[in-house]
Amino acid sequence: QVQLVESGGGMVQAGESLRLSCAASGRTASTYSLGWFRPTPRRDRELVAAIKWTAESTYYADSVEGRFTISRDKDKNMVYLEMNSLKPEDTAVYYCAAAPRDKWYRAEDNYDYWGQGTQVTVSS
């Protein structure tokens with residue numbers, strides 16, 4: 001069992017930055033890969049960025065490549081999403097999610113645990 005709590009959302013203007021944080025707790029939290037999701041007009045959810053449980057590999061959706069950076073502090077069981085050059089189309093509720101270490105961390109269906117989400121609003 002993993003509990004996830006997101007923070008750091010807010011309202012910014014286009015071109016500005018935000019950093020989202022996700023605190024993971026639970027006895028085995030450090031053995032889970034962690035990802036950030038957001039809903040899109042065409043899909044229920046999109047995997048925006050993910051980091052493998054070992055922290056040695058990361059993934060980014062094409063829509064955020066070069067602008068967003070995911071990182072992990074395993075000692076603190078925290079994962080961060082640094083979002084730069086934000087665009088109005090980045091507006092969404094962002095969810096932190098966890099996938100077991102024996103599952104492919106880039107596959108959206110492998111994420112079993114979810115946080116409550118944090119709202120990001122980017123105005124033009």
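A short tour of the structure in this document, coming up.

Rules of the game
Every chain's residues receive numbers from 1 upward, in the order its sequence appears when written. At least 70 in pLDDT is required for a residue's local features to be given in this predicted model, at least 80 for side-chain atom pairs to be given and counted, and no such filter applies to totals for whole chains, interfaces and linings, which use all residues. Here the side-chain values reflect all heavy atoms present in the structure, with hydrogen atoms and water set aside. We define a salt bridge as a contact between a side-chain nitrogen of Lys or Arg and a carboxyl oxygen of Asp or Glu at a distance within 4 Å. A run of H or I in DSSP counts as a helix once it spans at least four residues, and a run of E counts as a strand once it spans at least two, with each numbered from the N terminus. The buried label goes to any residue with under 20% of its type's maximum accessible area, the exposed label to any with over 50%, and the partly exposed label to all in between, with areas taken from a 1.4 Å probe on protein chains only. Should DSSP find at least two bridges between two strands, the strands are taken to pair. Sulfur atoms of two cysteines make up a disulfide when they are within 2.5 Å. Only C-alpha atoms enter the line fits that serve as axes; for helices the fit covers just the stretch in contact. Angles between N-to-C directions range over 0 to 180 degrees.

Glancing now at the pattern of salt bridges. Going through the model one piece at a time under the given rule, you end up with five salt bridges. Here Asp-90 ties to Arg-67 by a salt bridge, and the two come within 2.7 Å at their closest N and O atoms. Of this pair, Asp-90 sits in the loop between β8 (78-83) and β9 (92-100) while Arg-67 sits in the loop between β6 (58-60) and β7 (68-73), placing them 23 residues apart in sequence. Just as Asp-90 is buried, Arg-67 falls in that class too.

Here the focus is the pairing of strand β4 (residues 32-38). The element β4 is largely enclosed, with a buried count of seven among its seven residues. Note: β4 against β9, six bridges, orientation antiparallel. If you follow Ser-33 over to β9, its bridge partner there is Ala-99. As judged from the five bridges shared by β4 and strand β5 (residues 46-51), these two strands associate in the antiparallel manner. When the sheet's bridge partners are listed, Trp-36 is paired in β5 with Ala-49.

Now for the state of the cysteines. Taken as a whole, this structure holds one disulfide when the rule is applied. At a sulfur-sulfur separation of 2.1 Å, the disulfide partner of Cys-22 is Cys-96. Disulfide Cys-22 to Cys-96: torsion about the S-S bond roughly -85 degrees, handedness left-handed. In this pair, Cys-22 is assigned in strand β3 (residues 18-25) and Cys-96 in strand β9, connecting sequence segments 74 residues apart.

This next bit is on the sheet that holds β7. Across the sheet, four strands lie side by side as β1-β3-β8-β7; this open sheet has antiparallel pairing. Strands with a single pairing partner mark the edges of an open sheet, and in this sheet they are β1 (3-7) and β7. Along the sheet, successive strands turn relative to each other by an average axial angle of 15 degrees, direction set aside. Inspection of the sheet shows β7 paired to β8 by six bridges, in the antiparallel sense. Counterpart to Phe-68 in the pairing with β8 is Met-83.

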